[in-house]
Amino acid sequence: MRILLESEDSRPIGQVVLLLDLWEAKMMRDLMKGLVEDFEKKEDQWSGEHVHIIDKDCSHEVEICIFNPNNLEGLDEDTPKIIKGDY
């Protein structure tokens, strides 16, 4: 797992706390279930499959991405470096 602080210097962080209401938690569960199932079905399992979890008023967002360490195609230029620990 890598947790990235989206900023100009895009650096990994070690811990995050998500405070979700029931609606947001169910949305996360359902989107994650679909994301994992879709990723497992793909033969090449390229990196970059992702979902956006957004709160009711669209003021907060979490993006969750599944990556395949053996196939980092589909990711932006900096993300493979973060996955490999080269940041």
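Just above sits the structure.
Anyway, here's the lowdown on the structure attached to this text. Here the residue numbering is sequential within each chain, running from 1 through the sequence in written order. Where totals are concerned, whole chains, interfaces and linings use all residues; where local detail is concerned, this predicted model gives features only for residues with pLDDT of at least 70, and gives and counts side-chain atom pairs only at 80 or more. Hydrogens and water molecules were not included; the side-chain quantities draw on all heavy atoms of the structure.

### Notes on the overall build of the chain
Keep this limit in mind: Each helix is a run of DSSP H or I of at least 4 residues and each strand a run of E of at least 2, with the numbering of both proceeding from the N terminus. Only protein chains enter the calculation, and the probe is 1.4 Å; a residue is then buried if its accessible area is under 20% of its type maximum, exposed if over 50%, and partly exposed in between. Throughout, a contact is declared for two residues whenever any of their heavy atoms are within 4.5 Å. With residues, only the protein chains shown are counted as cover, and all accessible areas are computed by Shrake-Rupley using a 1.4 Å probe.
The helix and strand tally for the chain stands at two helices and four strands. Counting helices and strands in the order they occur from the N terminus, the chain gives β-β-α-β-β-α. Looking at the chain residue by residue over its 87 residues, the buried ones come to 22%. For the chain, contacts bridging at least 24 residues in sequence account for 40% of all contacts bridging at least 6. Put simply, the chain shows about 6800 Å² of open surface, and 51% of that area lies on carbon and sulfur atoms.

### Here's the deal with the environment of Ala 25
Checked against the element boundaries, Ala 25 lands in helix 1 (residues 22-41). Residues Ala 25 and Asp 55, spaced 30 residues apart in sequence, show a C-alpha to C-alpha distance of 9.9 Å.

### Examining the pattern of salt bridges
Counted only if it meets this: One side-chain nitrogen of Lys or Arg within 4 Å of one carboxyl oxygen of Asp or Glu is enough to make a salt bridge.
One pass over the full model with this rule turns up four salt bridges. The partner of Lys 81 in a salt bridge is Asp 78, with the nearest N and O atoms 3.9 Å apart.

### A look at helix 1
Put simply, the test is: A helix's residues, less one, multiplied by 1.5 Å, set its expected span. Throughout, the arc means that of the directions going from the helix axis to the C-beta atoms. In protein, a polar contact means a hydrogen-donor-capable atom and an acceptor-capable atom, both N or O and within 3.5 Å, with residues adjacent in sequence counting only if both atoms are side-chain atoms; elsewhere, any N or O pair within 3.5 Å suffices.
Helix length check: helix 1 (20 residues) gives 29 Å between terminal C-alpha atoms against 28 Å at 1.5 Å per residue, within 8%. When helix 1 is considered as a whole, its buried residues turn out to be Glu 24, Met 28, Leu 35 and Phe 39. Seen from one end, helix 1 has its buried residues packed into an arc of 40°, which puts them on one side. Residues of helix 1 that are exposed and angled more than 90 degrees away from the buried face: Leu 22, Arg 29, Lys 33, Glu 40 and Lys 41. Contact partners of the buried residues in helix 1: strand 3 (49-54) and strand 4 (61-66). Sitting at the head of helix 1, Asp 21 places a side-chain oxygen 3.1 Å from the backbone nitrogen of Trp 23.

### Notes on the nonpolar core
A general feature of soluble globular proteins is that nonpolar side chains tend to end up buried together. The condition that has to hold: Among buried residues, the Ala, Val, Leu, Ile, Met, Phe, Trp, Tyr and Cys ones that are joined through side-chain atoms within 4.5 Å form a nonpolar core.
Counting six residues, the largest nonpolar core consists of Met 28, Leu 35, Phe 39, Val 51, Ile 53 and Ile 66. Elements with a minimum of two residues in this core: helix 1 and strand 3. The element best represented in this core is helix 1, accounting for three residues. Sequence-distant contacts of Phe 39, defined by excluding residues within four places in its chain, comprise Gln 45, Trp 46, Glu 49, Ile 66, Phe 67 and Asn 68.

### A closer look at unusual backbone geometry
At Cys 58, a residue that is not glycine, the phi angle is positive and equals roughly 60°. Relative to the elements of secondary structure, Cys 58 occurs in the loop between strand 3 and strand 4.

Scope: geometric values only; no functional claims are made or implied.
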